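Reading the structure
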Amino acid sequence: MESMIKTAVIPSAGLGTRLLPATKQQPKEMLPVFVREPKDLVVLKPVIQLVYERLYDAGLREFLFIVGKGKRSIEDHFTPDNGFTEHLRRLAKPQLVEEMERFYRRVRGSSIVFINQPEPLGFGDAVLRAKPFTGRKPFIVQAGDDLIISRRAAYFGRLMESFHNHDADAVFCVQKVRDPTKYGVIEGDKIGPGIYRVKHVEEKPQHPKSKVAIVALYAFNERVYSSLEVVRGHHDRKLELTDAIEELIKGGGRVYAVELNSHETRIDIGTPDSYWNALRATMN
């Protein structure tokens, strides 16, 4: 299903301290995972490139990357380099030339903007910085270091169907996990196969009310910005997106969650263990 939403916000400003020393000079979003391409070619791609390509292939064409200090390599990566592809051609590496040209065709077919988040003030702060870019349009948010492995990205179609069919203010993906204390967790009513009407969300709870954890892929309308601004006015600490979703629910917002099925797996690269698992998952 092609998305009726055409705008994506990709927060990528996290410091990646849990992956040091690998992330001292390299953004964690640029760490590579394995991808099997046409003609059985196995390549290594940065996680953020895969996030972008999945969204592009779903029909999105406007992209805002929220970056921070030390993230210039992300902008460089998304800038076509004809000299480099010509160099690969001279080295007689046609498969790699084709791979880079495929990526650059997507980039040239996109409107890409970079906004700086000068300080690590939270995922919610990164999203709030997108307000001038998205305006009153609905938009997608997906973390630049969080990927869902799925055949044909069926989860994205279900996300869009829920957003439009329920006239939702927010919809996001969820997955049942063993240890929900590491994630944002929902409480809600199941209203259909894999669909929840969300009544409560909490970030990394000590006593979670469920084992259904939020996956960092969301669809929002403009109401989320008002909720982010309310939360910012109440707290001096980092602005978390989960707190804004809770504020949206309290204000009568229509919030839903789409559960990943057994053939869909969320991978993130936030810790050495999770990155190791991501490499193993993408090698299959």
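Residues numbered from 1 in each chain as written. Predicted model: local features only at pLDDT ≥ 70, side-chain atom pairs only at ≥ 80, totals over all residues. Heavy atoms only, no water.

To continue, consider the layout of surface pockets. The space that makes up the largest pocket amounts to roughly 1700 Å³. Around the largest pocket sit 47 residues that line it, and R18, K182, K204, R266 and D268 are the ones nearest its centre. Residue composition of the lining of the largest pocket, by class: 17 nonpolar, 14 polar and 16 charged. If you list the elements that add at least two residues to the lining of the second largest pocket, you get β2 (32–37), α1 (47–57), α4 (94–108), β7 (146–149), α7 (154–165) and α10 (272–283). Its residues assigned to classes, the lining of the second largest pocket comprises eleven nonpolar, four polar and ten charged. (1 Å grid on protein atoms, 1.4 Å probe; cavity = no way out; pocket = protein on both sides within 12 Å on 5 of 7 lines; lining within 4 Å. Points joined across faces, edges and corners; volume = space filled by probe spheres on them. Nonpolar A, V, L, I, M, F, W, Y, C, P; charged D, E, K, R; others polar. Helix = DSSP H or I, 4+ residues; strand = E, 2+ residues; numbered from the N terminus.)

The tally for this structure, following the rule as stated, stands at 13 aromatic pairs. Here the aromatic rings of F103 and Y104 are separated by 5.6 Å at their centres, their planes lie at 35°, and the arrangement is tilted. Here F103 falls in the buried class, since its relative accessible area comes to 1%. When the centroid spacing of 5.9 Å and the interplanar angle of 45° are considered together, the rings of F139 and F220 count as tilted. You can see F139 sitting in strand β6 (residues 139–142) and its partner F220 sitting in strand β11 (residues 212–220), a full 81 residues away along the chain. A relative accessible area of 0% places F139 in the buried class. The buried category is assigned to F220, whose relative accessible area is 0%. Taken together, the aromatic side chains of Y52, Y56, F63, F65, F78, F103, Y104 and F114 make up a single cluster linked through ring pairs. Above the face of the Y56 ring, R61 is positioned so that its terminal group lies 3.6 Å from the ring centre. (Phe/Tyr/Trp six-rings, centres within 6.5 Å; stacked < 30°, edge-to-face > 60°. Buried < 20%, exposed > 50% of the residue type's maximum accessible area, 1.4 Å probe, protein only. Lys NZ or Arg CZ within 6 Å of the ring centre and 35° of its normal.)

Moving on: the environment of E203. In this structure, E203 sits in strand β10 (residues 195–203). Spatially, the C-alpha atoms of E203 and S162 are 23 Å apart, while their sequence positions differ by 41 residues. Beyond its immediate chain neighbours, meaning those up to four positions away, E203 contacts Y183, G184 and T242. At 2.6 Å, the side chain of E203 forms a polar contact with the side chain of T242. (Contact = heavy atoms within 4.5 Å. Polar contact = N/O pair within 3.5 Å; in protein donor to acceptor, adjacent residues only side chain to side chain.)

This brings us to the nonpolar core. Among the nonpolar cores identified, the biggest contains 53 residues, and F63, I140, F156 and L159 are the most heavily contacted of them. Tallying contributions element by element places α1 first for this core, with seven residues. Ignoring any residue separated from it by four or fewer positions in sequence, one finds L159 in contact with I140, V171, F172, C173, L217, Y218, A219 and V258. Listed in part, the 34 residues of the second largest apolar core include V9, A126, V174 and V201. (Core = buried A, V, L, I, M, F, W, Y, C linked by side-chain atoms within 4.5 Å.)

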